[in-house]
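Each chain, letter by letter, is given below.
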Amino acid sequence: MDVDPTAEWTADKLYTEARVALDESNWTQAKDYYTKLEARYPFGRYAQQAQIELIYANWKDGDAAQAVQGADRFLKTYPNHANSDYVMYLKALATLNENDGWFAQLSGQDLGERDANAAQEAFDILKELTLRFPESRYAPEARRRMHQLVLAQAKHELRTAEYYYVRHAYVAAIERAQRVVREFQNTPMRDDALLLIVKSYEALDMHDLANDARRVYELNKGKEVKVRRELNHS
């Protein structure tokens with residue numbers, strides 16, 4: 001029978017060793033110590049902080065599901081905790097099931113359907129963070145990442161529409177391109193989506209609808225030119 005070397009450790013000792021493991025990126029060891037600390041001293045002075053750091057350790061260790069579950073449990077138990085904004089931020093990162101570096105090139109990547117759904121969930125979490133905690137230290141970064149997520153989702157929808165168009169599934173192409181125009185109208189993908197709608201209607205010999213979409217495209221481009229001129233003369 002194996003003897004647990006931590007069996008006689010105090011809460012202070014468990015937390016200290018857990019922090020050392022965390023700082024050394026020894027996620028497995030950190031998770032073990034935090035879990036024992038939470039189980040043995042659920043009402044101690046380190047209990048809440050240990051839960052937060054365990055969420056972080058799970059995320060860094062690639063255990064996204066456990067990180068999300070831990071975040072949900074913490075936010076439900078301590079809805080007004082001083083670090084709720086940080087826990088929500090971690091939950092958004094874990095929801096994407098990716099490490100922090102994924103955001104850096106997010107708008108340039110192709111999203112699969114799973115990634116697109118995760119991106120939407122993460123966006124909603126970050127939005128809630130900015131609404132509930134507008135002065136949070138994490139709010140500016142949350143807003144920046146929300147912008148990246150919007151670009152990634154818009155690009156995903158546009159490329160899906162293009163996929164259908166190439167395969168002559170013009171109705172499906174129109175539906176996905178219309179979603180870009182409707183839900184992501186402030187992104188650079190909007191105009192490409194409008195042109196794809198024009199081409200799809202023309203392929204279907206629906207020339208009136210193609211002309212309507214072309215007029216919207218030209219109207220949007222005209223507005224952009226006007227804005228640029230005004231900025232150049234301001």
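All figures in this text were calculated on a predicted structure; none of them were measured in a lab.

1. Some details on the side chain of Gln153
Link 1 in the chain: Mapped onto the secondary structure, Gln153 falls in helix 7 (residues 139-166).
Link 2 in the chain: Only 2.9 Å separates the side chain of Gln153 from the side chain of Gln120, close enough to count as a polar contact.

2. Here's the deal with helix 2 (residues 27-40)
Link 1 in the chain: Over its 14 residues, helix 2 runs 20 Å from end to end, which matches the ideal 20 Å to within 8%, given 1.5 Å per residue.
Link 2 in the chain: Buried within helix 2 are the following residues: Trp27, Ala30, Lys31, Tyr33, Tyr34, Lys36 and Leu37.

3. Overview of the packing of helix 1 (residues 11-23) against helix 3 (residues 47-60)
Link 1 in the chain: Running from N to C, helix 1 and helix 3 cross one another at 25°; their axes reach a closest spacing of 12 Å. Between helix 1 and helix 3, the crossing angle belongs to the class labelled roughly parallel. Judged by the sense of rotation from one axis to the other, the crossing of helix 1 with helix 3 is left-handed. Residues Tyr15, Arg19 and Leu22 of helix 1 form the contact with helix 3, whose own contacting residues are Gln49, Glu53, Tyr56 and Ala57.
Link 2 in the chain: Residue composition of the contact of helix 1 with helix 3, by class: four nonpolar, one polar and two charged.

4. Focus on the nonpolar core
Link 1 in the chain: Residues Ile55, Val87, Leu126 and Leu149 are the most contacted members of the largest nonpolar core, which totals 27 residues.
Link 2 in the chain: Not counting residues up to four positions away in its chain, the partners in contact with Ile55 are Ala67, Gly70, Ala71, Phe74, Val87 and Leu90.
Link 3 in the chain: Membership of the second largest hydrophobic core comes to 16 residues, among which are Leu22, Ala50, Leu54 and Ala57.

5. Structural notes on the pattern of salt bridges
Link 1 in the chain: Scanning the model with the defined rule gives 19 salt bridges in all.
Link 2 in the chain: In this structure, the salt-bridge partner of Glu128 is Arg132, at a minimum N-O distance of 3.6 Å. Taken together, the positions of Glu128 and Arg132, both in helix 6 (residues 113-132) and four residues apart, correspond to about one turn of that helix.
Link 3 in the chain: Assessed through its relative accessible area of 38%, Glu128 is described here as partly exposed.
Link 4 in the chain: Of the charged contacts in the structure, one is a salt bridge between Glu157 and Arg176, with a shortest N-O distance of 2.7 Å. Of the two residues, Glu157 is situated in helix 7 and Arg176 in helix 8 (residues 170-183); the sequence distance between them amounts to 19 residues.
Link 5 in the chain: One continuous salt-bridge network, built from bridges that share partners, spans Glu157, Arg176, Arg179, Arg182 and Glu183.

6. Remarks on the side chain of Ser200
Link 1 in the chain: Inspection of the secondary structure puts Ser200 in helix 9 (residues 189-203).
Link 2 in the chain: When neighbours within four sequence positions are excluded, Ser200 is seen to be in contact with Tyr165, Tyr170, Ala173 and Ile174.

7. Here's the deal with the environment of His147
Link 1 in the chain: Positionally, His147 belongs in helix 7.
Link 2 in the chain: Judged by relative accessible area, which is 51%, His147 ranks as exposed.
Link 3 in the chain: Residues His147 and Phe123 lie 24 residues apart in sequence; the distance between their C-alpha atoms is 8.9 Å.

8. A look at the packing of helix 1 against helix 2
For any two helices packed against each other, the geometry is given by the interaxial angle and the distance between the axes.
Link 1 in the chain: At a closest axis distance of 8 Å, the pairing of helix 1 and helix 2 adopts a crossing angle of 155°. The pairing of helix 1 with helix 2 is recorded here as roughly antiparallel in orientation. Between helix 1 and helix 2 the crossing geometry is left-handed. Of the residues in helix 2, those touching helix 1 at Ala11, Leu14, Tyr15, Glu17, Ala18, Arg19, Ala21 and Leu22 are Trp27, Gln29, Ala30, Tyr33, Tyr34, Lys36, Leu37 and Arg40.

9. A few points about the confidence of the model for the protein chain
Link 1 in the chain: With 87% of its residues at a pLDDT of 70 or more, the protein chain has an overall mean of 88.
Link 2 in the chain: Confidence over residues 99-105 falls short of pLDDT 50; this stretch has 13 contacts with residues more than four positions distant or in other chains.

10. Considering the packing of aromatic side chains
Link 1 in the chain: Tallying each qualifying case throughout the model produces ten aromatic pairs.
Link 2 in the chain: Ring centres of Tyr56 and Trp59 lie 5.8 Å apart, and the angle between their planes is 65°; this geometry places the pair in the edge-to-face category. Of this pair, Tyr56 and Trp59 are both found in helix 3, three residues apart, which corresponds to roughly one turn of the helix.
Link 3 in the chain: On the accessibility criterion, Tyr56 (24% relative accessible area) is partly exposed.
Link 4 in the chain: What makes Trp59 buried here is its relative accessible area of 10%.
Link 5 in the chain: When the centroid spacing of 5.0 Å and the interplanar angle of 55° are considered together, the rings of Phe74 and Tyr78 count as tilted.
Link 6 in the chain: Within the aromatic cluster, the residues linked to one another by ring pairs are Tyr15, Tyr34 and Tyr46.
Link 7 in the chain: One residue, Lys13, lies across the ring of Trp9, its end atom 5.1 Å from the ring centre.
Link 8 in the chain: Between the NZ or CZ atom of Lys60 and the centre of the ring of Trp59, over which it lies, the distance is 5.1 Å.

Thresholds applied
Residues numbered from 1 in each chain as written. Predicted model: local features only at pLDDT ≥ 70, side-chain atom pairs only at ≥ 80, totals over all residues. Heavy atoms only, no water. Helix = DSSP H or I, 4+ residues; strand = E, 2+ residues; numbered from the N terminus. Polar contact = N/O pair within 3.5 Å; in protein donor to acceptor, adjacent residues only side chain to side chain. Expected span 1.5 Å × (residues − 1). Buried < 20%, exposed > 50% of the residue type's maximum accessible area, 1.4 Å probe, protein only. Axes fitted to C-alpha atoms, helices over the stretch in contact; angles between N-to-C directions. Parallel < 35°, antiparallel > 145°, perpendicular 65-115°, else oblique. Left-handed = near helix turned anticlockwise from the far one by under 90°. Contact = heavy atoms within 4.5 Å. Nonpolar A, V, L, I, M, F, W, Y, C, P; charged D, E, K, R; others polar. Core = buried A, V, L, I, M, F, W, Y, C linked by side-chain atoms within 4.5 Å. Salt bridge = Lys/Arg side-chain N within 4 Å of Asp/Glu carboxyl O. pLDDT = per-residue confidence, 0-100. Phe/Tyr/Trp six-rings, centres within 6.5 Å; stacked < 30°, edge-to-face > 60°. Lys NZ or Arg CZ within 6 Å of the ring centre and 35° of its normal.

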